[in-house]
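Chain and residue survey
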Amino acid sequence: MTTTQDIHEPTFLAGDEFSIPTFRLLKQDGTLHEGAKAPDLEHDKALAIYRAMVATRVLDERMLAAQRQGRLSFYMQCTGEEAAVIGATAALDDADMIMAQYREQGALVYRGFTFDEFMNQLFGNELDYGKGRQMPIHYGSRKLHYMTISSPLATQIPQATGYAYGQKLAGEGHCTTVFFGEGAASEGDFHAALNMAAVHEVPVIFFCRNNGYAISTPSIEQFAADGVAPRAFGYRMHVIRVDGNDILAVYSAAREARRLAVEHNQPVLIEAMSYRLAAHSSSDDPSGYRSKKEEEAWREKDPILRMQRWLIDLGWWSEDEEKALQESLRREVLETMKRAEKRPPPPLDSLVTDVYADVPPELQRQLDALKTHIRHYPEAYPKGARSLDPDVQAGDDVAAKGGE
């Protein structure tokens, strides 16, 4: 129902009367802002959050290097946005659904996705849950309530509204959090999702990572309004803007958003102000659209360093522990990557057996023709040759000669 107040001359509003503040708790030196109160974050959980942030950074650094070495075709980093992603995830119940865009690997790290599971997907080997049919960084985990990532931008936003509507009907006290960037918020899917969520009152948290750039397009060229947060008013939705590099503020905001979603079936929009320290992807060169000076200014606001200082100030962390953690993670990532690279690809037959219980004759003839072709030219299809049984050894020989 729309309510109005009568006026008697044309008066136009541009929204300037709305001022969206930014919620902050933790300063860059690791101390709290004056008047700020830290959330009730127990020792073990705080360390779990911090370790997940560091593990995500180490994974990203190593896998980008692997891509540069030609061992991976593609990679995307979470660097600089770890607090936004992991802080929000830590505020959820483990059974709450997460729908990600493509820069939220930190959520999986926090929930217990192993380096083996990451590597299997990145290399598309026989243990990859997606059976090698997706490009790298398209993770998914049924057991961790993390919806498999799909490439089209922003499609996960209305899907999250629909999934949350199902959670409302189920009445089991769960919600859905959907992550996306401010560039995705310019898609029509964003507006359709928010409107549907508000009208049907579903337990969904829309988490916008405003990192300043939609690939190479700066925010100032994306929209004229004060960021993404004011859009919530158009749908009569709860909204908060938070310092996305402040782990305590993100955690507190997401925890309260979850309460509103689960207890009152109220959708919430969170806009986390952060910065993408890395390139958009391994295919991007940010030097073409932003300055080194700008990047260095944001490196001074590193969310990992900010939390580390807070933990040290509390006596919960030390430089020796930091060094040991970094060394352990780097070693584990390298060892895991080497294992994943050696695993064979998924069986070629799975292309059809996953679809049909009884494979149609025409499709079987096509599969047989494909196998014949691969066997005839194994050097041209080293992974395909390895996927054929009993041709695995032949494929290994090809790989040993440099064919792979």
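Cut-offs applied
- Residues numbered from 1 in each chain as written.
- Predicted model: local features only at pLDDT ≥ 70, side-chain atom pairs only at ≥ 80, totals over all residues.
- Heavy atoms only, no water.
- Pairing = 2+ DSSP bridges.
- Helix = DSSP H or I, 4+ residues; strand = E, 2+ residues; numbered from the N terminus.
- Contact = heavy atoms within 4.5 Å.
- Axes fitted to C-alpha atoms, helices over the stretch in contact; angles between N-to-C directions.
- UniProt positions renumbered as here; feature names shortened; annotations may be inferred.
- Phe/Tyr/Trp six-rings, centres within 6.5 Å; stacked < 30°, edge-to-face > 60°.
- Lys NZ or Arg CZ within 6 Å of the ring centre and 35° of its normal.
- Domains from an automatic or database assignment.
- Buried area = accessible area lost by both parts, 1.4 Å probe.
- Salt bridge = Lys/Arg side-chain N within 4 Å of Asp/Glu carboxyl O.
- Polar contact = N/O pair within 3.5 Å; in protein donor to acceptor, adjacent residues only side chain to side chain.
- Nonpolar A, V, L, I, M, F, W, Y, C, P; charged D, E, K, R; others polar.

Within the open sheet, the 7 strands sit side by side as β1-β8-β9-β5-β4-β2-β3. Their pairing is parallel. Looking along the sheet, the strands with just one partner apiece sit at the ends: β1 (22–23) and β3 (146–147). Relative to β3, strand β2 (residues 97–99) runs parallel, the two sharing 2 bridges. In the sheet register, methionine 99 faces β3, and the bridge partner there is methionine 147. Its contacts with the sheet put helix α6 (residues 188–200) on β4 (176–181), β5 (204–210) and β9 (268–273), and the angle it makes with β5 is roughly 150°.

A separate point is the UniProt feature "domain: Dehydrogenase E1 component" (unreviewed entry) in the chain. Taking the numbering used here, the UniProt-annotated feature "domain: Dehydrogenase E1 component" (unreviewed entry) corresponds to residues 50–347. As annotated, residues 50–347 has a helix share of 45% and a strand share of 11%, and its two end C-alpha atoms lie 39 Å apart.

With that settled, consider the packing of aromatic side chains. Under the defined criterion, the tally for this structure stands at 12 aromatic pairs. The interplanar angle of 85° and the centroid separation of 4.9 Å between the aromatic rings of phenylalanine 118 and tyrosine 139 together place this pair among those described as edge-to-face. Taken together, the residues phenylalanine 118 in helix α4 (residues 115–123) and tyrosine 139 in the loop between α4 and β3 connect sequence positions 21 residues apart. Through a chain of ring-to-ring contacts, the aromatic side chains of Phe113, Phe118, Tyr129 and Tyr139 assemble into a single cluster. The ring of tyrosine 213 has arginine 290 lying over it, and the distance from NZ or CZ to the ring centre is 5.7 Å.

One frequently used descriptor of interface size is the decrease in accessible area upon assembly of the parts. Domain annotation for the chain reports domain 1 (43–341) and domain 2 (348–388). For domain 1 and domain 2, the distance between their C-alpha centres works out to 37 Å. Facing the 4 residues of domain 1 at the interface are 5 residues of domain 2. Both sides together, the interface formed by domain 1 and domain 2 hides about 280 Å², and carbon and sulfur atoms give 20% of it. Viewed at the interface, domain 2 and domain 1 are joined by 2 salt bridges. The residue aspartate 354 makes a salt bridge to lysine 131 at a minimum N-O spacing of 2.9 Å. At the junction of domain 1 with domain 2, the criterion picks out 3 residue pairs in polar contact (both at pLDDT 80 or more). Among the residues forming the side of domain 1 that touches domain 2, the class breakdown is 1 nonpolar, no polar and 3 charged.

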